[in-house]
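Structure at a glance
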Amino acid sequence: MTSDNRVAILGGQPLIAAPFPRWPIWDDREREALSATLDSGCWWDGDGERAARFASDFAAYHGAKHGLAMTNGTHTLETALAACDVGEGDEVIVPGITFVASAGAVLAVNATPVLVDVDPETLCLDAAAAEAAITERTRAIMVVHVAGAAADLDALTALCARRGLHLIEDCAHAHGTFWRGRGVGSWGSFGSFSMQSSKLMTAGEGGVLICNDDRLRDLARSYANCGRVEGEWFYHHVRYGANLRMTEWQGAVLAAQLERFPEQNRRRNQNAVALGEALSRIEGIRPQFRDPRMNSQGNYCYVFHYDQAAFAGMDLRLFEKALGAEGVPMGVSYPSLNELEVFRRGDFGPRLRASAPKIDYASLRLPVAEHAARSTVWLQHRLLLGEPDQVSGVARAVKRVQDQAAEIVAAGG
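Below, the structure is looked at part by part. (Residues numbered from 1 in each chain as written. Predicted model: local features only at pLDDT ≥ 70, side-chain atom pairs only at ≥ 80, totals over all residues. Heavy atoms only, no water.)

1. Here's the deal with the nonpolar core
Of all hydrophobic cores here, the largest spans 93 residues; its most connected members are Phe58, Leu81, Ile93, Ile141 and Phe190. In this structure, Ile16, Phe311, Leu318 and Val401 belong to the second largest nonpolar core, which totals 35 residues. (Core = buried A, V, L, I, M, F, W, Y, C linked by side-chain atoms within 4.5 Å. Buried < 20%, exposed > 50% of the residue type's maximum accessible area, 1.4 Å probe, protein only.)

See below:
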């Protein structure tokens, strides 16, 4: 083999030489909006309007009536649960593949997360597994649209309607995902979006909670605004609440991010479809299922299933290292929630008092989620903003690694 063909991990040149677009992306729109916010002297939402206007515009983009601008995507989930009156003694069904905050928000309202398995193709909540886990204590199902792939919203909305449960959509990965012509987050009682630095729109931190129900919106706003009632005296506090308001600085940045988002979403989708077609032709690689009921996918990450048997037995971490050396921006899968130490030890701090349901998390097995955590590859979403030849280079890099897999394994990386 010539040195020109050798994989980068064994001393060759990276296949993808040109860097992918940076993240986050910003320009003079953010600078001008921040400068105008500074000059206005209105830096919090009590005086300003930037954060509230952004949240309203973001909600409208996803087909929802209301949008609330908040501190982060963990607090939006907590607020959604509180507004739905979920609390001590209640259970909330949560999928195994997600960031810990999905379950942490349940703990924050003193409810019990019930961890269930995921669909092996989409990695999203398995509707049948969710239904099997429902008890008399179940108050809500939290669905996570993993890597922007929508869970089966037809099945889940029907299930929640049939069983009288709230559907909370965790859309931290799914800005711009549309299901049968309507944005995710607008299907359940609430949709929660994160604006943390790695997300598809960002102000470093931040979150937006969207919904269509006027009463739930008012309860959520009250919880996030110190228990106040909108339009009443500033010191009129009618219920328990926290201070979870977004600043005007974040609203200014996010309004600019929203302006460029539709074109970014279009480009990501176009590149993701092309990449999926190319990867599907490689033995041992299976892209995350893209449900035809989705009009677009947010693509927080690009995810594919990896079979090490087709790569000379190369374990997942070594494959990720080899692919990264070729110039591919790499991420990593979440562990299955039941394998996190916080659940194995049951170390929930002040949460889950004596009256809470008892779950032996240490003995819980979620075989699909556990396998997916050890066999899926997660690529950073910024690669989908690259030029088409760069993106197709990802598939060529995977094939290059496969062709030299035996040598990589023998060298131990």
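From this point, the narrative continues.
2. Brief notes about the side chain of serine 375
In this structure, serine 375 sits in helix 11 (residues 367–375). A distance of 2.7 Å separates a polar side-chain atom of serine 375 from the backbone oxygen of histidine 371. Those residues in contact with serine 375, other than ones at most four positions away along the chain, are Phe304, His305, Tyr306 and Leu316. (Helix = DSSP H or I, 4+ residues; strand = E, 2+ residues; numbered from the N terminus. Polar contact = N/O pair within 3.5 Å; in protein donor to acceptor, adjacent residues only side chain to side chain. Contact = heavy atoms within 4.5 Å.)

3. Some details on the sheet that holds strand 3 (residues 112–116)
Ordered in space as 1-9-8-5-4-2-3, the seven strands form an open sheet in which the pairing is mixed. Edge strands, defined here as strands with exactly one partner in the open sheet, are strand 1 (66–70) and strand 3. When strand polarity is set aside, the average angle formed by the axes of neighbouring strands in this sheet is 20 degrees. As paired strands, strand 5 (residues 166–170) and strand 8 (residues 190–194) are joined by three bridges and run parallel to one another. Counted as the bridge partner of glutamate 169 is glycine 191 from strand 8. Contacts from helix 2 (residues 50–61) reach strand 1, strand 8 and strand 9 (207–211), with the element oriented near 135 degrees to strand 1. Helix 3 (residues 73–83) contacts strand 1, strand 2 (91–95), strand 4 (138–144), strand 5, strand 8 and strand 9 of the sheet and is inclined by roughly 165 degrees relative to strand 8. (Pairing = 2+ DSSP bridges. Axes fitted to C-alpha atoms, helices over the stretch in contact; angles between N-to-C directions.)

4. Quick word on the pairing of strand 9
Among the five residues of strand 9, five are classified as buried, and the element is accordingly described as predominantly covered. Alternating positions in strand 9 separate into two faces, Gly207, Leu209 and Cys211 on one and Val208 and Ile210 on the other, with burial throughout. Note that strand 1 and strand 9 share five bridges and pair antiparallel. The partner of histidine 66 across the bridge, within strand 9, is cysteine 211.

5. Points about the pattern of salt bridges
Inspection of the entire model under this criterion finds 29 salt bridges. Close ionic contact of lysine 65 with aspartate 214 constitutes a salt bridge, the shortest N to O distance being 2.8 Å. On the criterion of sequence distance, the pair formed by lysine 65 in the loop between helix 2 and strand 1 and aspartate 214 in helix 7 (residues 214–224) is long-range, its members being 149 residues apart. Looking at lysine 65, the relative accessible area reads 52%, which means it is exposed. Residue aspartate 214 is classed as partly exposed on the basis of its relative accessible area of 39%. In this structure, arginine 374 engages glutamate 339 in a salt bridge whose closest nitrogen and oxygen atoms are separated by 2.9 Å. Of this pair, arginine 374 sits in helix 11 while glutamate 339 sits in the loop between helix 9 (316–325) and helix 10 (341–345), and the two are 35 residues apart along the sequence. Under the relative-accessibility criterion, arginine 374 is labelled exposed at 52%. Among the residues examined, glutamate 339 registers a relative accessible area of 24% and is labelled partly exposed. (Salt bridge = Lys/Arg side-chain N within 4 Å of Asp/Glu carboxyl O.)

6. Examining the packing of helix 1 (residues 28–40) against helix 8 (residues 248–279)
Between helix 1 and helix 8, the shortest axis-to-axis distance is 9 Å and the interhelical angle comes to 150 degrees. With respect to their mutual orientation, helix 1 and helix 8 come out roughly antiparallel. When you trace helix 1 past helix 8, the crossing you get is right-handed. For the pair helix 1 and helix 8, the contacting residues are Arg29, Glu30, Ala33, Leu34, Thr37 and Leu38 in the first and Glu248, Trp249, Ala252, Val253, Ala256, Gln257, Glu259 and Arg260 in the second. Among the residues forming the contact of helix 1 with helix 8, the class breakdown is seven nonpolar, two polar and five charged. (Parallel < 35°, antiparallel > 145°, perpendicular 65-115°, else oblique. Left-handed = near helix turned anticlockwise from the far one by under 90°. Nonpolar A, V, L, I, M, F, W, Y, C, P; charged D, E, K, R; others polar.)

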